[in-house]
Amino acid sequence: MSVVESPELDALRAGDEAAFLALVRRHQTAMVRVAQIYVSRKDIAEEVVQEAWLGVLRGLDRFEGRSSFKTWLLRIVTNLAKTRAVREGRTIPFSALRSPESVPEPAVEPERFRRPDDPRWPGHWASKPSEWPEQRLLGDETLQRIQAAIEALPDNQRAVITLRDVEGWSAEEVCNALELSETNQRVLLHRARSKVRGALERYFDE
Amino acid sequence: MNDATVEALSCQELVELVTAYLEGALPAPDRARFDEHLASCTGCHRYVEQMRTTIRLVGRLTPSDLSPDAERDLLAAFRSWRR
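### A closer look at the overall build of chain B
The helix and strand tally for chain B stands at four helices and zero strands. Secondary structure elements of chain B, listed N to C terminal, follow the sequence α-α-α-α. Counting over 83 residues, chain B shows a buried share of 25%.

Given below as structure tokens:
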């Protein structure tokens, strides 16, 4: 990872402004989403990210590429966001981030399935998903609905789906950056994706 | 014909395993039960396809952009850092 990014970091060290802005743009969404886990409000998260970039510049000469650049970046954001959250008097949602499975959240409403005491097909679809209209999948409004569904997610689920599915990070990278176990990362991703699918289903059924 | 020693998955159970399935995180016996269910259930087949479509569509979202103010402040910080 650090091998891929190092030409860019060298450019940064050489004072290349365009390289710096490109780097900021590339990581902005991920950083804001991660900060939001701790501070929730988007405007505060953006402030934290600004602060983090200053920390990045200060620390750049000490960055030796032992962790990936992304991991390092996200660690700086996370630490600043935690500090800020404490200052804002917010309780850091450790339990929500660490053990999401403690609160069950079905991927699909239980009413969509036959009851557990159904004589023939317990737990099978009572109302199957209907087919999605191919020609509407790529419409602008579809993307707007997806965006809205992601915004409406709990902060930790929003962070995970953004990093995995918008930014294309690997599960391992997300686990490292958010200090999540593999299982919890998957639970959060599953819930987030299931809700976005549900939002799309409601939209296409309108 | 059927291997009756393993209990079949219900649809309600299957929808909770989709992410583990797509991530390749299901143990082999569970994966086999999943595949077996998918092969004969149009509802679940469609459901899994919709999850794949959802992932693909989420990937089309463009990351949010920097505000001009943020960009100006960062550039200023970058310039003073170089000195």
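### Here's the deal with the interface of chain A and chain B
Between chain A and chain B, the contact holds 42 residues from the first and 35 residues from the second. The biggest single contributor to the side of chain A that touches chain B is helix α2 (residues 17-39) of chain A, with eight residues. Its residues assigned to classes, the side of chain A that touches chain B shows 23 nonpolar, nine polar and 10 charged.

### Comments concerning the confidence of the model for chain A
Per-residue pLDDT for chain A has a mean of 87; in total, 91% of the residues score no lower than 70. Mean pLDDT across the elements of chain A ranges from a minimum in helix α5 (residues 94-98) of chain A, with 52, to a maximum in helix α9 (residues 182-205) of chain A, with 96.

### Quick look at the confidence of the model for chain B
When pLDDT drops low, the exact placement of atoms in the prediction is not to be read closely. Residue and element names in this part refer to chain B. Considering every residue of chain B, the mean pLDDT works out to 88; 89% of them sit at 70 or more. Here residues 1-5 is a poorly scored stretch, pLDDT under 50, and it has zero contacts once near neighbours within four places are set aside; other chains count. For this predicted complex, the interface confidence comes out at an ipTM of 0.85, alongside a pTM of 0.84.

### Considering helix α8 (residues 171-178) of chain A
Residues and elements named next belong to chain A. Taken residue by residue, α8 has V174, A177 and L178 as its buried positions. Buried positions in α8, seen along its axis, are confined to an arc of 80° and lie on one side of it. On the buried face of α8, the contacting elements are α2, α4 (69-87), α7 (155-166) and α9. Directly beyond the C-terminal end of α8, a positive phi value near 55° is found at E179.

### So, unusual backbone geometry
Residue and element names in this part refer to chain A. Its identity as a non-glycine residue notwithstanding, S40 has a phi of 65°, on the positive side. For S40, the position within the fold is in the loop between α2 and α3 (42-59). Although it is not a glycine, E179 adopts a positive phi angle of roughly 55°. With respect to the helices, strands and loops of the structure, E179 is situated in the loop between α8 and α9. The class for E179 is partly exposed, based on 13 C-beta atoms found within 10 Å.

### Observations regarding the nonpolar core
In this structure, V34(A), A35(A), V48(A), A52(A) and V77(A) are the most contacted members of the largest nonpolar core, which totals 47 residues. Listed by contribution, the elements that provide at least two residues to this core are α2, α3, α4, α6 (140-151), α7, α8 and α9 of chain A together with α4 (68-82) of chain B. When residues no more than four places from it in sequence are discounted, the contact partners of A52(A) are M31(A), I76(A), V77(A) and L80(A). Listed in part, the 16 residues of the second largest apolar core include L9(B), V18(B), C44(B) and M51(B).

### Observations concerning the packing of α6(A) against α9(A)
All names here are of chain A. Interhelical geometry of α6 versus α9 gives an angle of 135° and a closest axis separation of 9 Å. Taken together, α6 and α9 sit at an angle that is classed as oblique. The interaxial crossing formed by α6 with α9 has right-handed handedness. Listed contacts from α9 to R145, I146, A149 and I150 of α6 are K195, V196, A199, L200 and Y203. Residue composition of the contact of α6 with α9, by class: seven nonpolar, no polar and two charged.

Reading guide: rules and limits
Within each chain, residue numbers correspond to sequence positions counted from 1 in written order. Chain letters start at A and ligand numbers start at 1, both assigned in the order the entries are written. Where local features are concerned, this predicted model is filtered to residues with pLDDT of at least 70; where side-chain atom pairs are given and counted, the filter is 80 or more; whole-chain, interface and lining totals use all residues. Counting from the N terminus, the helices are DSSP H or I runs at least four residues long and the strands are E runs at least two residues long. Burial is judged by counting other C-beta atoms within 10 Å of a residue's own C-beta: 20 or more means buried, 12 or fewer means exposed, and anything between counts as partly exposed, with every C-beta placed from the backbone. The contact criterion used here is simple: two residues whose C-beta atoms, placed from the backbone, lie within 7 Å are in contact. When residues are sorted by character, Ala, Val, Leu, Ile, Met, Phe, Trp, Tyr, Cys and Pro go into the nonpolar class, Asp, Glu, Lys and Arg into the charged class, and all the rest, Gly among them, into the polar class. Each residue carries a pLDDT score, the predictor's confidence in it, ranging from 0 to 100. The directions from the helix axis to the C-beta atoms are what the arc is built from. In this usage, the nonpolar core is the set of buried Ala, Val, Leu, Ile, Met, Phe, Trp, Tyr and Cys residues whose C-beta atoms join them within 7 Å. Here an angle of 0 to 180 degrees is reported between the N-to-C directions of two axes, which are lines fitted to C-alpha atoms, with helices fitted over the stretch in contact. Angle categories are assigned with fixed cut-offs, so that under 35 degrees is roughly parallel, over 145 is roughly antiparallel, 65 to 115 is roughly perpendicular, and the rest are oblique. By convention, the crossing between two helices is left-handed when the near helix turns anticlockwise from the far helix through less than a right angle, and right-handed when the turn is clockwise.

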